[in-house]
Amino acid sequence: MLDFGRFALRLSERVLVVDGAVVALGARAFDVLQALAERCDRVVSKAELLDLAWPGLVVEENNLSVQISSLRRLLGHDAIATVTGRGYRLALAPTRPDSASDAARTTPPTNPGRLQRRLAAIVQADVVGWARLVARDASGAARAWKRTRVELIERTVPQYAGRLIELTAERLLLEFGSAVEAVDWALALQTALADRRVGADTDEDGSRLLHMRIGIAVDDVIIDDGKLVGDGVNVAADLHQSAGHDDVLITQKVHDFVQLKLDARFEPLGERLMRRTRRPMQVFRATLAQASAGNQATRGRQALQLATLAVLPFSDARPAADGSADDTYFGDGITEEIIATLSLNRALFVIAHGSTLRFRGRQDDLATVADELGVRYLVAGSTRRTGNQLRIHVSLLHAADQRILWQERFDGSGDDVFAFQADIAERVAAAIAPPVQDEEMARVRQRPTERYGAYDCVLRALAGIYQLGTAEFDTAGQLLQRAVQLDPGYAQAHAHLAWWHSLRWAEGRAAPQTDDGALALQHAQRAVQLDGRDALALSVAGYMLSLQNKQHLQALDMYAQALAINPSCAAAWARHGATLSYLGRTDAALAQVQRAMRLSPFDQHMFWHFTICGSACFGGGRYDEAVAWLGKALRLNPRYNGARRFLIAALVRTGEVAEARELAQALLADLPNFSVQRFGQWSPLQQPMLDNMLQALQIAGLPG
């Protein structure tokens, strides 16, 4: 029973007693009064009252106003206070307040003439997909939420010296005096929810099992007319909205408070822009050091916090008055095809098609859409049909500031819609990867190096991996080695490290005591062992077989696997072309490399693509073409000796021996120990191309 002086609630009988007499009270009014009485220590929001009195139902606020008015007529107008902008509070003191209520009432003394501020740990959370759960099974969702609310939240928060401010399935707001207590409580809640989900789709009363997402911030908060506002509330809200299923996300400040004080792990997720405060903050995912069985789901690539991207439903660009058939199906087909193709790139984390469909036709600010989806990049587009002709516009945007990083227009025929969709998807997926990578590298360069994770190390290494013969190239190798130390299971880190070792070895820049060739092969094979579905890793491993072991046929098999997995992987097409050029298959090699260049026309590998074209032309006796391609390669990367060697040989075969000898002297200045014989011993070129190359190098004056 709840006793409040002149009235009492007998909960078991669902009876209201006023001045000793039983008073008739409707079921909804009783539920509202019970909710207020049980939470008499705080303001109860309208949303929370609606959630408690009409569980699982969507009702208008005026229903609540009607019940509040009827209660005031019974108890007196002052019995229930309205707190503007917040909700309602029972203004009567309980006759026998329990210890939990006493603890919750304990607040630090304040000066009523001053704005009230304090440092607090703020927790914001919600039930993931609550609206969808209610639409699917309202009564089941309501039962699950009631059980969670009563058993796992209301009973436990006081034990951690926390204070409930708002409690609904769609918004849980709590205040803790200690960051340690806040994180400890959140991890305990997620563990309890996970334990309930083990081996079951529903709990014992048939209700749906819930997933929650939680954000925790420590910052200044303001008490404004009884309402808690300020940066702490805003940052916690941003964190929880960007969290995934079962996540507990915390800021750097929270991490600093709780580190070494809890038996927990803290996974760095990198820097995120807080939408409400416009402040960038380092974010961590907190998990128990020994997670329960239900909380051990593998996170795969997402754990690396790869570049996150969403493809929004393409719009129909026709005028509204156009009476032609609806082409929404075509826009959906293009969108789904692009998502499927982008998902094959293991360096991206792409939001599923079903999660983006709800944004069709919505006029949201794109930054808001990105916040809801938790992504850094958005792909948006439109389709337009005129007769049998199709036109598609596609843009890649940086979500936070809506900068356009790339855009393109594609035209085609409606004769074969599916082939057109597949071609567009392949080209879009390949074109998007380089600008996203450039943007990610720029983002990482702004961060302190001591906070790098494995993914950050790889990104920073890619910025220097082709600055051959410089300190930046050496730093790239160190960063890649650090990446595989931080995460030995990171396949792409091993693949990039293999590529770095092969560059140092083939360029003649390896230190005498190192065996870069063997290390390149070792890391390439390890990458494939870790992820046999990564096209990049397969292409690197294939190239190492071709370059190091001269196993060209086996390499071609690996390229075929890579391209079957991801046909938009430009690097795989180019490496395929390189091996074909070693075999002297000029036309096939050029076709493969030119496809790579068509897929990714602004790739940082372009100097290497030009070199492959030059080597293929040299092998086919098309020396003038070889000179043109190799000259382009050296203009893009003047220190690339692979292009310089082939250009020397091609110039000799075109009769420009003086220029070839001048270039040979530049090569020797860079590599004093170069010899034609040693190059011939390891070169992957096949006969008769190899002898032709070696003879031309000697004519240019390079030592035998």
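Our structure is the block above this text.
Residues numbered from 1 in each chain as written. Predicted model: local features only at pLDDT ≥ 70, side-chain atom pairs only at ≥ 80, totals over all residues. Heavy atoms only, no water.

A. Quick peek at the sheet that holds strand E6 (residues 80–83). The three strands lie next to each other as E5-E7-E6, forming an open sheet whose pairing is antiparallel. Edge positions in the open sheet fall to strand E5 (44–45) and E6, since each of these has one partner strand only. Of the pairings in the sheet, the one linking E5 to strand E7 (residues 87–90) comprises two bridges and is antiparallel in character. Pairing of Val44 across the sheet is with Tyr88, part of E7. Running at roughly 70° to E7, helix H1 (residues 27–38) makes contact with E5, E6 and E7 of the sheet. Packed on one face of the sheet, helix H3 (residues 61–75) meets E6 and E7 and runs near 140° to E6. (Pairing = 2+ DSSP bridges. Helix = DSSP H or I, 4+ residues; strand = E, 2+ residues; numbered from the N terminus. Contact = heavy atoms within 4.5 Å. Axes fitted to C-alpha atoms, helices over the stretch in contact; angles between N-to-C directions.)

B. Representation of the packing of helix H20 (residues 570–582) against helix H21 (residues 586–599) within the structure. At their nearest, the axes of H20 and H21 sit 8 Å apart, and the two run at 160° to each other. Between H20 and H21, the angle falls in the class roughly antiparallel. Here H20 and H21 pass one another in a crossing that is left-handed. Where H20 abuts H21, its residues Ala570, Trp573, Ala574, His576, Gly577, Leu580 and Ser581 lie against Ala588, Ala589, Gln592, Val593, Arg595, Ala596 and Leu599. In terms of residue class, the contact of H20 with H21 is built from nine nonpolar, four polar and one charged. (Parallel < 35°, antiparallel > 145°, perpendicular 65-115°, else oblique. Left-handed = near helix turned anticlockwise from the far one by under 90°. Nonpolar A, V, L, I, M, F, W, Y, C, P; charged D, E, K, R; others polar.)

C. How the structure looks around the pattern of salt bridges. Applying the stated criterion across every chain, the model contains 25 salt bridges. Among the salt bridges present, the one from Glu439 reaches Arg403, with a minimum N-O distance of 2.4 Å. On the criterion of sequence distance, the pair formed by Glu439 in helix H13 (residues 417–445) and Arg403 in strand E21 (residues 403–413) is long-range, its members being 36 residues apart. Via salt bridges that share partners, Glu507, Arg509, Arg639, Arg644 and Asp670 belong to a single interconnected network. (Salt bridge = Lys/Arg side-chain N within 4 Å of Asp/Glu carboxyl O.)

D. Summary view of H1. Along its 12 residues, H1 runs 16 Å from first to last C-alpha, staying within 8% of the 16 Å computed at 1.5 Å per residue. For H1, the full list of buried residues reads Ala29, Phe30, Asp31, Val32, Leu33, Gln34, Ala35, Leu36 and Ala37. (Expected span 1.5 Å × (residues − 1). Buried < 20%, exposed > 50% of the residue type's maximum accessible area, 1.4 Å probe, protein only.)

E. Molecular detail of a negative patch on the surface. Judged by side-chain charge, Asp624, Glu656, Glu659 and Glu662 come together as a negatively charged surface patch. Tracing the backbone through its elements, the reader meets Glu656 in the loop between helix H24 (641–653) and helix H25 (657–670). Glu656 gets classed as partly exposed once you look at its relative accessible area, which sits at 34%. (Patch = residues over 30% accessible without salt bridge, like charges linked within 9 Å, V, L, I, M, F, W, Y side chains within 5 Å. Areas by Shrake-Rupley, 256 points an atom, 1.4 Å probe, with all protein chains shown as cover. Lys, Arg positive; Asp, Glu negative; His and termini not counted. Charge placed at Lys NZ, Arg CZ, Asp CG, Glu CD.)

F. Representation of the environment of Leu390 in the model. Among the secondary structure elements, Leu390 is positioned in strand E20 (residues 389–398). As a C-alpha pair, Leu390 and Asp415 span 25 residues in sequence and 9.9 Å in three-dimensional space.

G. Summary view of the sheet that holds strand E2 (residues 7–10). If you walk across this open sheet you meet the four strands as E1-E2-E3-E4, and the pairing is antiparallel. The open sheet has two free edges, formed respectively by strand E1 (2–4) and strand E4 (21–23), since each of these has just one partner strand. In this sheet, adjacent strand axes meet at a mean angle of 25° when their direction is disregarded. Bridge count between strand E3 (residues 15–18) and E4: three bridges; the pairing is antiparallel.

H. Local environment of the pairing of strand E16 (residues 307–311). Within E16, five of the five residues are buried, which leaves it mostly tucked inside the rest of the structure. Side chains Ala307, Leu309 and Val311 project from E16 onto one buried face, and the interleaved Thr308 and Ala310 project onto a second face that is buried too.

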